[in-house]
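Here's the letter readout for the chains.
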Amino acid sequence: MRIAICDDDIKCVNDLKLHIEDYMKKHHINAEFFTFSTRPRAILENFDAFDLAFLDIQMPEIDGITLAKELKKRNSKIILFFVTAFEEYQDEAMDLQIFRFFNKPLDINRLYAGLDRAMEFINKSYIDIFLENEGKQIRVLIDDIKYIRRENRKNTVFTVNGIFNAGISFDKLIEKLPNTFFYLVHKSFYVNIHHITEYGYKEIYIDNTRISVATRKQADFHKYWFDYVKRR
């Protein structure tokens, strides 16, 4: 998950990053952070799309409203949070379908509650990608993907509607999938936990397919699985 934090107040950026990191670790969600303070416009210069963004509204170079519009062009499904001391912008922010609006100083309990809702939203969202099938590009809903298997240089995607070949590398493919409900249980298997039909500490089943959980991943996946069950 790619998370952007943009605020010209460096202390606010650092505090927010610390609390979000803590939340993600407790929920066993891998997150990559991109922070911007001295040059807020830099968020548009060197990076593509983000899954979550926390933005101030009044900043030098570019305001948060304009920034939010640009980020939504890159990823229409981005979850946007505004963290600001200026309440007069709330109406304009709501037009952008802002997920949450936090006032400064930040209420940590509200932040965690907002992140809970954001994770629920991601879990239920239907994002799509294109996979290859007999030379054609087929659109597939991400939540319809059951698991991906890597075998030598061949990457096979098993879905509710059939089996597809991936025209990109295993690593590039899993970058496209949300790690709130996909997990690398083994170097050769990336699974959608929505489709797990039987859970065990050392192995799982998706329908009739047995998939081993790598020894070094068993403890972390055990925590991840029960955190997921608790959220459902």
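The coordinates are above.
It should be emphasised that the depicted structure is a prediction, and the values quoted were computed from it without experimental measurement.

*Asks:* In this structure, what is going on with unusual backbone geometry? I would like to understand it.
*Replies:* Backbone phi values are negative for most residues with the exception of glycine, while trans is the configuration of most peptide bonds. The residue N152 is not glycine, and still its phi comes out positive at about 55 degrees. Of note, N152 is situated in the loop between strand 8 (145-151) and strand 9 (154-159).

*Asks:* What am I meant to see in helix 1 (residues 10-26) here?
*Replies:* Because each turn of an α-helix spans 3.6 residues, side chains separated by three or four positions in sequence point in the same direction. With 17 residues, helix 1 extends 24 Å between its outermost C-alpha atoms, agreeing within 8% with the 24 Å of an ideal straight helix rising 1.5 Å per residue. Where helix 1 is concerned, the buried positions are C12, V13, L16, I20, Y23 and M24. All buried residues of helix 1 fall inside an arc of 100 degrees around its axis, so they share one side. When the buried face of helix 1 is taken as reference, the exposed residues oriented beyond 90 degrees from it are K11, L18, K25 and K26.

*Asks:* Just checking my understanding: could you explain the pattern of salt bridges for this structure?
*Replies:* Between side chains of opposite charge, a pair can form as their charged atoms come close. Inspection of the entire model under this criterion finds 7 salt bridges. The residue E32 makes a salt bridge to R2 at a minimum N-O spacing of 4.0 Å. You can see E32 sitting in strand 2 (residues 32-36) and its partner R2 sitting in strand 1 (residues 2-6), a full 30 residues away along the chain. We classify E32 as partly exposed; its relative accessible area is 42%. Close ionic contact of D207 with K146 constitutes a salt bridge, the shortest N to O distance being 2.4 Å. Placement of D207 in the loop between strand 14 (203-206) and strand 15 (209-212) and of K146 in strand 8 is noted, with a sequence separation of 61 residues between them.

*Asks:* Just to check I follow, could you spell out helix 2 (residues 64-74) for this structure?
*Replies:* All buried positions along helix 2 are accounted for by G64, I65, L67, A68 and L71. Along the axis of helix 2, the buried positions cluster into a sector of 160 degrees, meaning they face one direction only.

*Asks:* I tried to follow the side chain of T159 on my own but got confused; where do I start?
*Replies:* Note on placement: T159 falls in strand 9. Under the relative-accessibility criterion, T159 is labelled buried at 8%. In terms of polar contacts, T159 uses its side chain to reach the backbone amide nitrogen of N161, at 3.0 Å. One polar contact links the side chain of T159 to the main-chain carbonyl oxygen of G162, over a distance of 2.9 Å. Excluding residues within four positions of it along the chain, T159 makes contact with V140, D144, I145, K146 and F164.

*Asks:* I tried to follow the sheet that holds strand 15 on my own but got confused; where do I start?
*Replies:* Within a beta sheet, neighbouring strands are joined by backbone hydrogen bonds and run either parallel or antiparallel to one another. One open sheet holds the 3 strands; their spatial order is 13-14-15, and the pairing between them is antiparallel. The sheet terminates laterally at strand 13 (198-199) and strand 15, the two strands that pair on one side only. Relative to strand 15, strand 14 runs antiparallel, the two sharing 4 bridges. Bridge pairing links Y205 to R210 in strand 15.

*Asks:* Explain the environment of F102 to me, please; I cannot follow it from the model alone.
*Replies:* In this structure, F102 sits in strand 5 (residues 100-103). Separated by 48 residues in the primary sequence, F102 and F54 have C-alpha atoms spaced 9.6 Å apart. Setting aside anything within four residues of it in sequence, one finds F102 in contact with F81, F82, V83, T84, R110, L111 and G114.

*Asks:* When you look at the nonpolar core in this model, what are you seeing that I'm missing?
*Replies:* Nonpolar side chains in soluble globular proteins generally cluster together in the buried interior. I148, V157, V185, V191, I193, I211 and F221 are the most contacted members of the largest nonpolar core, which totals 31 residues. Elements that contribute at least two residues to this core include exactly strand 8, strand 9, helix 5 (170-175), strand 11 (182-186), strand 12 (189-192), strand 14 and helix 6 (218-231). The element contributing the most residues to this core is helix 6, with 4 residues. Not counting chain neighbours up to four residues away, the residues in contact with I193 comprise T180, F181, F221, Y224, W225 and Y228. Listed in part, the 21 residues of the second largest apolar core include Y23, M24, I79 and L115.

*Asks:* Looking at this model, I keep getting lost on the pairing of strand 8. Mind explaining?
*Replies:* Each regular strand shows side chains that alternate between the opposite faces of the sheet. Inspection of the sheet shows strand 8 paired to strand 9 by 6 bridges, in the antiparallel sense. Counterpart to I145 in the pairing with strand 9 is T159. The turn linking strand 8 back onto strand 9 is made up of 2 residues, and N152 within it adopts a positive phi angle of 55 degrees. Note: strand 8 against strand 12, 3 bridges, orientation antiparallel.

Cut-offs applied
Sequence order sets the numbering: in each chain, residues are counted from 1 along the sequence as written. With the structure being a predicted model, the display of local features is reserved for residues of pLDDT at least 70 and the display and counting of side-chain atom pairs for 80 or more, all residues being used for whole-chain, interface and lining totals. Neither water nor hydrogens contribute to the side-chain values; these are computed over all heavy atoms in the structure. Secondary structure elements are taken from DSSP: a helix is a run of H or I of four residues or more, a strand is a run of E of two residues or more, and numbering for both begins at the N terminus. Expected helix span is taken as 1.5 Å per residue step, with the number of steps being one fewer than the number of residues. In this scheme, a residue with accessible area under 20% of its type's maximum is buried, one over 50% is exposed, and one in between is partly exposed, where area comes from a 1.4 Å probe on protein chains only. The directions from the helix axis to the C-beta atoms form the arc being described. Basic side-chain nitrogens of Lys or Arg form a salt bridge, by our definition, when they fall within 4 Å of a carboxyl oxygen of Asp or Glu. Side-chain atoms alone can form a polar contact between residues adjacent in sequence; in general such a contact is a pair of N or O atoms within 3.5 Å, and within protein one must be able to donate a hydrogen while the other accepts it. Only heavy atoms enter the contact rule, under which two residues are in contact if any of them lie within 4.5 Å. Note on pairing: DSSP must find at least two bridges between two strands before they are called paired. Throughout, nonpolar core names a set of buried Ala, Val, Leu, Ile, Met, Phe, Trp, Tyr and Cys residues whose side chains join them through atoms within 4.5 Å.

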